[in-house]
Amino acid sequence: MKKLHQFFVLAVASLFLGITSCQKEDVPPPPQSDILPARFSVDVTRSLNYNASTLKSAEVDTLKGNEIYGHLGTFICVGEAGSKIVEEVINAIRVYNINKPMSFSFTSDEDGRVKNAVVVARADYDNQHWEFGMTITDAESEGNADGGKALQLFWNRSPIKGIAIMKPYNINRSENEDDPDAMYRIDYSEAGGHGYRAEMTVYAAYLPVADPLDNPWSMSSLKMFVGVKGDIVDVYGNSVHPNAILLAGNTGFTYSFVASGDNSTDLGVAEVGLPPVNLDEPSRNILLGYYSLKKVITREIYEVWPDIDPESVQAYLYNASAPGFFDANGFVAGGTAPGTGYEQLVRRLPYLSPYNPKEVLNLSIVFKD
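Quick caveat: nothing in here was measured; it's all calculated off a predicted structure. (Residues numbered from 1 in each chain as written. Predicted model: local features only at pLDDT ≥ 70, side-chain atom pairs only at ≥ 80, totals over all residues. Heavy atoms only, no water.)

Caption draft 1: The arrangement of unusual backbone geometry in detail. Here the residue pair Ser158 and Pro159 is connected by a cis peptide bond, since its omega of -5° sits within 30 degrees of zero. On the secondary structure map, Pro159 appears in the loop between strand E4 (149-156) and strand E5 (161-166). Ala322 connects to Pro323 through a cis peptide bond whose omega is -5°. Positive phi, normally seen in glycine, also occurs at Asn97, with a value near 50°. In this fold, Asn97 is placed in the loop between helix H2 (65-92) and strand E1 (102-107). (Helix = DSSP H or I, 4+ residues; strand = E, 2+ residues; numbered from the N terminus.)

Structure follows, in C-alpha cells:
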C-alpha cells in the first residue's frame, strides 16, 4: 500500500501549490454613509475552512484525514475568497461617497490604472429588477471584446440582496496577468428566501488550468452555496478538475461536497463525492452514494490490484467513511461521530446536495452588455 499512500499525499500536496492562505482577518468595514450594500459575503465555519498541515496522523498504514479532506478546505477557501474580493472592492470605493446615481473615475492603488465607474438607478439583470446597478471598467481596456469590465454590481438595500460579476484581470492587472479570462459571480441575499439569515452562491469559471504534470488537481470552475442561520452554516457545491487522475488512470473528476458547521463550537461534518467531470446527474444518492470518495477510491484500488487483501484496503480507507467530522484543528474522525456535539449537524446533511457536475463543468458567467 506504500505506493498508493504516496500517490494521494502527492495529489493533495500539488493542490496547495499556488493557493493563498485563507486565514480570516477581522477588519471592520468603514462607516457607511452611501447607497452601497453594507455586506456581500458569508463566512464559513473555521472547522470547514482549515489548514490541512495541522491535522492528526495515524500509526498504521492508513490514508489520513488531511489527505482525504485537505481539498475540502481549499475549495471552500477559493469560493469564499471570490466574495471577499467583491466586498473589498465595494469598501474601497466608499471613499467616493456614492449616495446617488453618478459617474466618476479613479486610479487604482493596486495596478495604477484608471478605472471608470457608472452608478445607475433601476437596473435589470438576470430577469430581476434592482434598485441600483454599478459598472466599473478598466479605462484603457474599454475597446476590448469584454469592454474592459472589471465589476458589475446589482443590488437592493432593504433587505440587502444583489448579484456581483467580476473579472479580476480588469480589477488588478498587475496581479492577474496570468489569469486574463477568469471570472466570478456572487449572488448574495439577506431576504430569507431559503430559510437562512444570509446566503450566497459563488460561481467561478474560466479559471486557468495548470499543466497536469505540475498540478493535476487544478480547478477550472466552481459553484458553491453558503447559508447561515443562527450559529449554523451549511455549505455545498462542486469544483471541476478536468485533469485530475486517480490510481487506475481515469481522468477528470468533480469534487462534490456537502457540509454543515457550528460557529459556536467550531465543529463541522462533511460528505464528499468524486463523480466524473462530465456526469449529467443531479441525484444526491448517486453523487455522494455511488460516487462517494471511499467507494471511488475502493473501485480504483481493485481495478489496479484485483487480488489485494480486502482487510488491507479496509484498513487503508478507515478514515474515508462518511461523514467526516472536524473541529477547529481540522479532521477528527470518519464514519462515527466522536461526540454528541455533532448530532444536529449530522441531521442536516441529508437535506444538502451538490450540483449536477455537468452543469458546473459548462458554467458560464457573463457581464450585462
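Caption draft 2: Looking closely at the packing of aromatic side chains. In the structure shown here, the tally under the stated rule is 13 aromatic pairs. When the ring of Tyr290 is compared with that of Tyr291, the centres are 4.8 Å apart and the planes differ by 90°; the resulting orientation is edge-to-face. Among the residues examined, Tyr291 registers a relative accessible area of 17% and is labelled buried. Cluster of aromatic residues (ring-pair linked, three or more members): Tyr196, Phe225, Tyr236 and Tyr355. (Phe/Tyr/Trp six-rings, centres within 6.5 Å; stacked < 30°, edge-to-face > 60°. Buried < 20%, exposed > 50% of the residue type's maximum accessible area, 1.4 Å probe, protein only.)

Caption draft 3: Examining the pattern of salt bridges more closely. Overall, the coordinates contain 13 salt bridges when judged by the stated rule. Note that Asp138 is salt-bridged to Lys115, the shortest N-O span being 2.8 Å. Of this pair, Asp138 sits in strand E3 (residues 128-138) while Lys115 is found in strand E2 (residues 114-125), placing the two residues 23 residues apart along the sequence. Of the two residues, Asp138 and Lys115, neither departs from the other in class, the shared state being buried. (Salt bridge = Lys/Arg side-chain N within 4 Å of Asp/Glu carboxyl O.)

Caption draft 4: Highlighting the side chain of Ser218. Within the element layout of this structure, Ser218 appears in the loop between strand E7 (198-205) and strand E8 (221-229). Among the polar contacts listed, one links the side chain of Ser218 to the backbone nitrogen of Ala210, at a separation of 2.9 Å. With near-sequence residues (within four places) excluded, Ser218 lies in contact with Pro208, Val209, Ala210, Val240, His241 and Pro242. (Polar contact = N/O pair within 3.5 Å; in protein donor to acceptor, adjacent residues only side chain to side chain. Contact = heavy atoms within 4.5 Å.)

Caption draft 5: Layout of the nonpolar core. Counting residues in each nonpolar core, the largest one holds 73 residues, and the members touching the most others are Met134 and Ile136. It is H2 that provides the largest number of residues to this core, a total of nine residues. Those residues in contact with Met134 that lie beyond four places of it in its chain are Leu36, Ile93, Ile98, Val118, Val119, Leu151, Gln152, Leu153 and Trp155. Membership of the second largest hydrophobic core comes to 17 residues, among which are Val240, Leu267, Val277 and Tyr342. (Core = buried A, V, L, I, M, F, W, Y, C linked by side-chain atoms within 4.5 Å.)

Caption draft 6: Highlighting the pairing of E4. Where burial is concerned, most of E4 is hidden: seven out of the eight residues are buried. Two elements, E3 and E4, share six bridges in a ladder whose sense is antiparallel. Paired with Gly133 across the bridge in E4 is Phe154. Pairing of E4 with E5, which is carried by six bridges, proceeds in the antiparallel orientation. Of the residues in E5, the one forming a bridge with Leu153 is Ala164. Here E4 folds back onto E5, and the loop between the two strands holds four residues. (Pairing = 2+ DSSP bridges.)

Caption draft 7: Representation of a negative patch on the surface in the model. Residues Glu88, Asp109, Glu110 and Glu175 make up a contiguous surface patch of negative charge. When you line up the elements, Glu88 lands in helix H2. What makes Glu88 exposed here is its relative accessible area of 54%. (Patch = residues over 30% accessible without salt bridge, like charges linked within 9 Å, V, L, I, M, F, W, Y side chains within 5 Å. Areas by Shrake-Rupley, 256 points an atom, 1.4 Å probe, with all protein chains shown as cover. Lys, Arg positive; Asp, Glu negative; His and termini not counted. Charge placed at Lys NZ, Arg CZ, Asp CG, Glu CD.)

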